[in-house]
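# Architecture and fold: a report
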Amino acid sequence: MDKTSFMRPALLLALASALGACALTTPPAADELYRQALPAAPLPGQWQAAAIGAVVPGWLDQYQDPQLSALVAEALLNNPDLKVVASRVEQAAAYARVAGSSLLPQVNFIAKDGLAQSGGDGSGISVVGLFASWELDLWGRVRGGREFASQQYASAVSDAEYARQSLVALVTKSYLQAIEAGQQKQLARKMQESSAQLLKYAEERQRIGRGDGLEVAQAQVALQGYLDAVQQLELAETQAVRALEVALGRYPGQSLKLPAQLPQVAGDIPAGLPSELLERRPDVIAAQRRVAAAFARVDEAKAARLPRLSLTGNVNAISSDVFLLKERDNPVWGLGASLLAPIFTGGALQGQVEVRSAEQKQAVAEYAKVGARAFAEVENALSAEISARKRTAILTRSAAENQRALDLAGVRVKVGSGDMRALQQQQLATYAAQSALLRMQSEFLMQRTNAYLALGGGFESPAADAAGKS
């Protein structure tokens, strides 16, 4: 058989296999997957805590705080946990490249030099050649493996993006907590100073006969309470600053200097529609990619039960000092095909299909879990932010009225128409109201941060994001 007649059947077989290769199963789209995963929880037309307007990326800019933006950039560069996530993305990308290479012909070079014959002067046979093989992926086994690795990589990328967004939210909330702790400490010190003045006033009243030892003792008790509060709040501030430094990738040495006031934000959060969350939030997208990867794994397992067909080819050059080779014997070439068909595997291949099918069901169930959690986080964060805003307005009024009452109680004591006990009680009430107001102002900002993260809109503005990718 001449060279042309030998190659023609193999080429025709390769062409036929390429045209007739089985297509992979297409996984459901996001909305259909949600309906299958959570059939008892249809999506509403809008959020319960309704907010009008499309989600706009770049929520970090809403705080208008350059120091916060700088700390976020530092955390994204140095945070150890984020570096671990980035390494996982690199691994997934490498696995995807390895899986994709199986679809291409494999070519190897071999060179072999024979040793000298024992007891003689001659040498052995020398061979130099190229050997190629190519599996014709008739049933999609190799393509299924490649698609699995590709979807795993896409899932890792989305998980990494959600980790970035979560880190930015963590840094933001740690920043807010540290500032609030400092404000609470300063408020306690202010009350401590005021209580010390009341103690002196009580001692003066006792000296001139208008008060007694009970007033002095009560004033002393109040002062010690504020001193203890200052110590507790100093520790809280220290711990909050150190937690922020750890998130930044710094040594927790409490060297970070923070502003004295919380940042200010205004307006409602544009939350878009619930159905849009499935296509926007990174952890939901990652779960969807894992479902697609599971579908590909099932295709791979099913195709593994079918025969494998491969084309092989080689070109060799042979030389020898032992015997003469005719010139027409070099180079030596060959082209062929091999068929490998499983006959009996003890149920292993079918068992593998069942394993992959169960993994597919697990991936769908995990998608349902992630999706349900995502929607709950959005609803809870939006409701909590609205509640915190309303409570801030109430507590602002309460703090102002308590301060007014404290001023009036002080006047009454000075003119002799009030007693020290009532003044001390009002001072405590004023401190509690002001402390609660600070707590709620911080809570409002933290719940807004939670809402931004839950909505998945991204912390980078489109312009900054484009600059970072260029």
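Cut-offs and rules
- Residues numbered from 1 in each chain as written.
- Predicted model: local features only at pLDDT ≥ 70, side-chain atom pairs only at ≥ 80, totals over all residues.
- Heavy atoms only, no water.
- Helix = DSSP H or I, 4+ residues; strand = E, 2+ residues; numbered from the N terminus.
- Buried < 20%, exposed > 50% of the residue type's maximum accessible area, 1.4 Å probe, protein only.
- Contact = heavy atoms within 4.5 Å.
- Areas by Shrake-Rupley, 256 points an atom, 1.4 Å probe, with all protein chains shown as cover.
- Expected span 1.5 Å × (residues − 1).
- Arc of directions from axis to C-beta.
- Core = buried A, V, L, I, M, F, W, Y, C linked by side-chain atoms within 4.5 Å.
- pLDDT = per-residue confidence, 0-100.
- Salt bridge = Lys/Arg side-chain N within 4 Å of Asp/Glu carboxyl O.
- Axes fitted to C-alpha atoms, helices over the stretch in contact; angles between N-to-C directions.
- Parallel < 35°, antiparallel > 145°, perpendicular 65-115°, else oblique.
- Nonpolar A, V, L, I, M, F, W, Y, C, P; charged D, E, K, R; others polar.

## Focus on the overall build of the protein chain
If you tally the helices and strands in the protein chain, you get 11 helices and 4 strands. In the protein chain, which comprises 470 residues, the proportion classed as buried is 40%. Across the protein chain, every contact between residues at least 6 apart in sequence was considered, and the portion connecting residues at least 24 apart equals 83%. As displayed, the protein chain has an accessible area near 25900 Å², and 57% of this comes from carbon and sulfur atoms.

## Focus: helix 4 (residues 80-101)
Compared with the 32 Å implied by 1.5 Å per residue over 22 residues, the 32 Å span of helix 4 between its first and last C-alpha is a close match. Three or more residues of helix 4 are buried, namely L82, V85, V89, A92, A93, A96, A99 and G100. For helix 4, the angular spread of buried residues about the axis comes to 125 degrees, placing them on one side. Facing away from the buried side of helix 4 by more than 90 degrees, the exposed set consists of K83, E90, Y95, R97 and V98.

## What to know about the nonpolar core
Formed by 63 residues in total, the largest nonpolar core has its most connected members in W47, L60, Y63, V171, Y367 and L382. Among the secondary structure elements, those contributing two or more residues to this core are helix 2 (30-37), helix 3 (66-78), helix 5 (141-208), helix 6 (213-248), helix 7 (274-280), helix 8 (282-303), helix 9 (348-414) and helix 10 (420-455). Contact partners of Y63, with chain neighbours within four places excluded, come to L68, T172, P263, Q264, V265, L445, R448, T449 and Y452. V216, L406, V413 and M420 belong to the second largest nonpolar core, which has 11 residues in total.

## As for the confidence of the model for the protein chain
Residues shown with low pLDDT carry predicted positions that ought not to be read at fine detail. The pLDDT averaged across the protein chain works out to 85; a share of 88% of its residues lies at or above 70. Of all the helices and strands in the protein chain, helix 1 (residues 3-20) carries the lowest mean pLDDT, 47, while helix 3 carries the highest, 95. Counting contacts from residues 1-7, a segment whose pLDDT is below 50, to residues more than four positions away or on other chains yields 6 contacts.

## Observations concerning the side chain of T430
Mapping T430 onto the fold places it in helix 10. Residue T430 is classed as buried on the basis of its relative accessible area of 0%. Sequence-distant contacts of T430, that is, excluding residues within four places in its chain, are made with M191, N402, Q403 and L406.

## A word on the pattern of salt bridges
Within the structure shown, the criterion is met by 24 salt bridges. Here E377 makes a salt bridge to R281, at a shortest N to O gap of 2.5 Å. One end of the pair, E377, is in helix 9; the other, R281, is in the loop between helix 7 and helix 8, with 96 residues separating them in the sequence. Exposure remark for E377: the relative accessible area of 30% places this residue in the partly exposed category. For R281, a relative accessible area of 0% gives the class buried.

## Some remarks on the packing of helix 2 against helix 9
Running from amino to carboxyl end, helix 2 crosses helix 9 at an angle of 100 degrees, the nearest separation of the two axes being 9 Å. It follows from the interaxial angle that helix 2 and helix 9 lie roughly perpendicular. From helix 2, A30, L33, Y34 and A37 reach across to helix 9, where they touch V364, Y367, A368 and F375. Grouping the amino acids of the contact of helix 2 with helix 9 by side-chain chemistry returns 8 nonpolar, no polar and no charged.

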